[in-house]
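This is what each chain is made of:
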Amino acid sequence: MQKSCACKFLYGPESSEGIILSIDQALDERKEFKDEIMFYKKTAEQFWCLLDIVPIKNEKGDVVLFLASFKDVTDTKAKAVQDDKKEERKKEQVKSSSPFSSARLRSSTVLYHISGHLHSREKGKIKLNKNVFGDLPALPEYKISEAKKSRFILLHYSTLKASWDWLILLATFYVAVTVPYNVCFIGDDEELTRSTTVSDIFVEILFIIDIVFNFRTSYVSKSGQVIFDAQQICFHYLTTWFIIDLVAALPFDLLYAFKVSVVSVVHLLKTVRLLRLLRLLQKMDRYSQHSTVVLTLLMSMFALLAHWMACIWYIIGKMEMEANAYTWDIGWLHELGKRLESPYYSLGSVNGSSGPPIRSVYIASLYFTLSSLTSVGFGNVSANTDAEKIFSVCVMLIGALMHALVFGNVTAIIQRMYSRWSQYHTRTKDLKDFIRVHHLPQSLKQRMLEYFQTTWSVNNGIDCNELLKDFPDELRSDITMHLNKEILELSLFASASRGCLRSLSLHIKTSFCAPGEYLMREGDALQAIFFVCSGSMEVLKDGMVLAILGKGDLIGANLALDDRVIKTNADVKALTYCDLQCINLKGLYEVLDLYPEYSLSFVQDIQQDLTYNLREGQETQVSGTRARR
């Protein structure tokens, strides 16, 4: 039944004017409406109808359709009118027990379930007759974000959540740097450790807040649906990242705040926070299309690996010194101390007053690991003992793997960043080779190169037809209607149906004309109708300027359905760079054949909308500038 859900064809003399206005207002404002109204059948018989109208929205929040429910409540209404006032007050107190209320609840239940507005109700208030409805049918799930989402639920794709994720990522990198450093270089030195207590506590607070946010953040299910339900979000988070996030957020640094003596075991426990780096894999997948972001993350991971290796390199030297306190003087730490004129003494106190300062030792360790990861080292910091040599071999193997992983990806990213530039130079080289092989004259060569460079600067080498050919016709029609909306808004197409415009948009192409180039010459067969989007053109005949055309002008010829061969009566030449939209005549005739009700009005209207008529033998009234060349 192709009628409006306002049901104006059912109105009659007894239909309430106030309710009719409320229906129209609800439809105009796209709001929900529910009330009883007097309708009329074809036999002019009256009946009371419970009308429920619910707007259905898409994921963008736009109303795409209305769901209307009609319930004949004439018998219930008549029975309610006959009851006395006492019984009516009793019915208002026990509203769910009346047949009329049951009908309303049943109708609203079905509609609210479809539109995603179903709220929790008491089980005794809704009693669906299973004999009538059976099992609930498989209804399409409309994505109504505004209705489903609580105001306390964060969208996982929102700007706020993205900013918060990057803040947590920075905090995770801070933990990945400080925790290994504190474990290896600081140890039990409470003075050095407590200098970073404030920042460590701040990071722990961020991690705790992040756990709270994750319990209230939507996610995408395996079926591709966005989940807004709080219970499902909690269950999903508890079964995925909750344990890792909880361990990483344990407030170890509060022990310093309460002046509790802390040993290096606590620092070792804090290394569990490094598990949060697994979240980085999510970031890499999410931002894989952003080359700069991926490049930054890869280089950060490479630097972080070098930092970890530097900490292990120092621990190896320290443990060998402590194991051979009185006889050991060939380790890399001893060699470093001799070169810096701060030798270690026989007591082997690495963290004591002997030996170079911690800052110099860390820099030397980082220098050695970076040089080993990126090359084979330079020998000024070298491995002397068996343990140091074994570790150096491992570092070189890891460096080879990192070269393949990180720098291989870096090369691919850089190539992708400059792919357009490379494609432009390849096409330019092919064009020059073509000109050289075929010995084209200099004037023609210049025109070809100028046209290619200008069109490339306009569309950046993107072929819209090639790009859109794999899309379905429905989506392709919507895209082409948006791209060609300027020409489709002409009064010429005002009477065309939407289906006609969608079919027509598929035959509209974008063209370009450089200064001095001819769009068409006198006597050519007209292939398209042209619309000037920008620039200026002139119409010439026998050296006479017949018209000056500019933005918004339409160039073509009056059409006849029986005579489809059109010869042009003048030249059309570009004065400046011109952007044009052209409707292919072959495609236009195909559309007019599909929509004969529009073809007659189009043939009549185009004669008035043409700025200049190029059909031979046609005298055209032109509002333009005429001049003698």
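You'll find the structure just up there.
Since this is a predicted model, take the numbers as computed values, not measurements. (Residues numbered from 1 in each chain as written. Predicted model: local features only at pLDDT ≥ 70, side-chain atom pairs only at ≥ 80, totals over all residues. Heavy atoms only, no water.)

### Section: the overall build of the chain
- What the chain contains, in helices and strands, is 26 helices and 15 strands.
- The long-range share in the chain, meaning contacts at least 24 apart out of those at least 6 apart in sequence, stands at 68%.
- Approximately 36,800 Å² of the chain is accessible, and the part contributed by carbon and sulfur atoms is 57%. (Helix = DSSP H or I, 4+ residues; strand = E, 2+ residues; numbered from the N terminus. Contact = heavy atoms within 4.5 Å. Areas by Shrake-Rupley, 256 points an atom, 1.4 Å probe, with all protein chains shown as cover.)

### Notes on the sheet that holds strand S8 (residues 528–534)
- Within the open sheet, the 5 strands sit side by side as S6-S13-S8-S11-S14. Their pairing is mixed. Because the sheet does not close on itself, it has two edges, and the strands there are strand S6 (508–513) and strand S14 (612–613).
- Direction of pairing for strand S11 (residues 554–556) relative to S14: parallel, over a ladder of 2 bridges. Looking at the pairing, isoleucine 555 lines up with tyrosine 612 of S14. (Pairing = 2+ DSSP bridges.)

### Things to note about the pattern of salt bridges
- Scanning the entire structure with this criterion turns up 8 salt bridges.
- Between lysine 161 and aspartate 165 there is a salt bridge, with its nearest N and O atoms 2.7 Å apart. Of this pair, lysine 161 and aspartate 165 are both found in helix H7 (residues 159–186), 4 residues apart, which corresponds to roughly one turn of the helix.
- On the basis of relative accessibility, which here comes to 7%, the residue lysine 161 falls in the buried class.
- On the accessibility criterion, aspartate 165 (8% relative accessible area) is buried.
- As a salt-bridge pair, lysine 429 and aspartate 433 come within 3.2 Å of each other at their nearest N and O atoms. Of the two residues, lysine 429 and aspartate 433 are both situated in helix H19 (residues 419–438); the distance of 4 residues between them amounts to about one turn of the helix.
- Using a relative accessible area of 53% as the deciding quantity, one classes lysine 429 as exposed.
- Here the residues in one salt-bridge network are Lys429, Asp433 and Arg436, joined through shared partners. (Salt bridge = Lys/Arg side-chain N within 4 Å of Asp/Glu carboxyl O. Buried < 20%, exposed > 50% of the residue type's maximum accessible area, 1.4 Å probe, protein only.)

### Quick word on the sheet that holds strand S1 (residues 33–40)
- Spatial strand order, S1-S2-S3: 3 strands in an open sheet with antiparallel pairing. On the outer flanks of this sheet lie S1 and strand S3 (63–72), each paired with one strand and no other. Direction aside, the axes of adjacent strands within the sheet are offset by 30° on average.
- As paired elements, S1 and strand S2 (residues 46–57) share 8 bridges and run antiparallel to each other. Bridge pairing in S2 links glutamate 36 to leucine 50.
- Running over the sheet, helix H1 (residues 17–29) touches S1, S2 and S3 and is turned about 130° from S1. (Axes fitted to C-alpha atoms, helices over the stretch in contact; angles between N-to-C directions.)

### Section: the packing of helix H15 (residues 291–323) against helix H18 (residues 386–417)
- Two elements in contact, H15 and H18, have axes separated by 10 Å at closest approach and are oriented at 175°. As far as their axial angle goes, H18 and H15 are roughly antiparallel. (Parallel < 35°, antiparallel > 145°, perpendicular 65-115°, else oblique.)

### As for a nonpolar patch on the surface
- Nonpolar side chains collect at one region of the surface, where Ile414, Met417, Tyr418 and Trp421 lie side by side and expose about 450 Å² of accessible area between them.
- One can find methionine 417 in helix H18. (Patch = residues over 30% accessible without salt bridge, like charges linked within 9 Å, V, L, I, M, F, W, Y side chains within 5 Å.)

### Here's the deal with unusual backbone geometry
- Although it is not a glycine, arginine 30 sits at a positive phi angle of roughly 55°.
- Within the fold, arginine 30 resides in the loop between H1 and S1.

### Looking at the side chain of serine 372
- Mapped onto the secondary structure, serine 372 falls in helix H17 (residues 358–374).
- On the accessibility criterion, serine 372 (3% relative accessible area) is buried.
- Look past the residues within four positions of serine 372 in its chain and what remains in contact with it is Val395 and Met396.

### Brief notes about the packing of H7 against helix H9 (residues 197–214)
- Their axes nearest at 10 Å, the elements H7 and H9 cross at an angle of 140°. Judged by the angle between their axes, H7 and H9 are oblique. At the point where H7 passes H9, the crossing takes the left-handed sense. The residues of H9 that touch H7, namely those facing Lys161, Trp164, Leu167, Ile168, Ala171, Thr172, Tyr174 and Val175, are Ser199, Asp200, Val203, Leu206, Phe207, Ile209, Asp210, Phe213 and Asn214.
- Here the contact of H7 with H9 is composed, by residue class, of 11 nonpolar, 3 polar and 3 charged. (Left-handed = near helix turned anticlockwise from the far one by under 90°. Nonpolar A, V, L, I, M, F, W, Y, C, P; charged D, E, K, R; others polar.)

### Things to note about the packing of aromatic side chains
- Inspection of the entire model under this criterion finds 20 aromatic pairs.
- Ring geometry for phenylalanine 185 and tyrosine 314: centres 4.3 Å apart, planes at 15°, overall stacked. In this pair, phenylalanine 185 sits in helix H7 while tyrosine 314 sits in helix H15, placing the two residues 129 residues apart along the sequence.
- With 4.9 Å between their ring centres and 90° between their planes, phenylalanine 215 and tyrosine 237 make a pair best called edge-to-face. (Phe/Tyr/Trp six-rings, centres within 6.5 Å; stacked < 30°, edge-to-face > 60°.)

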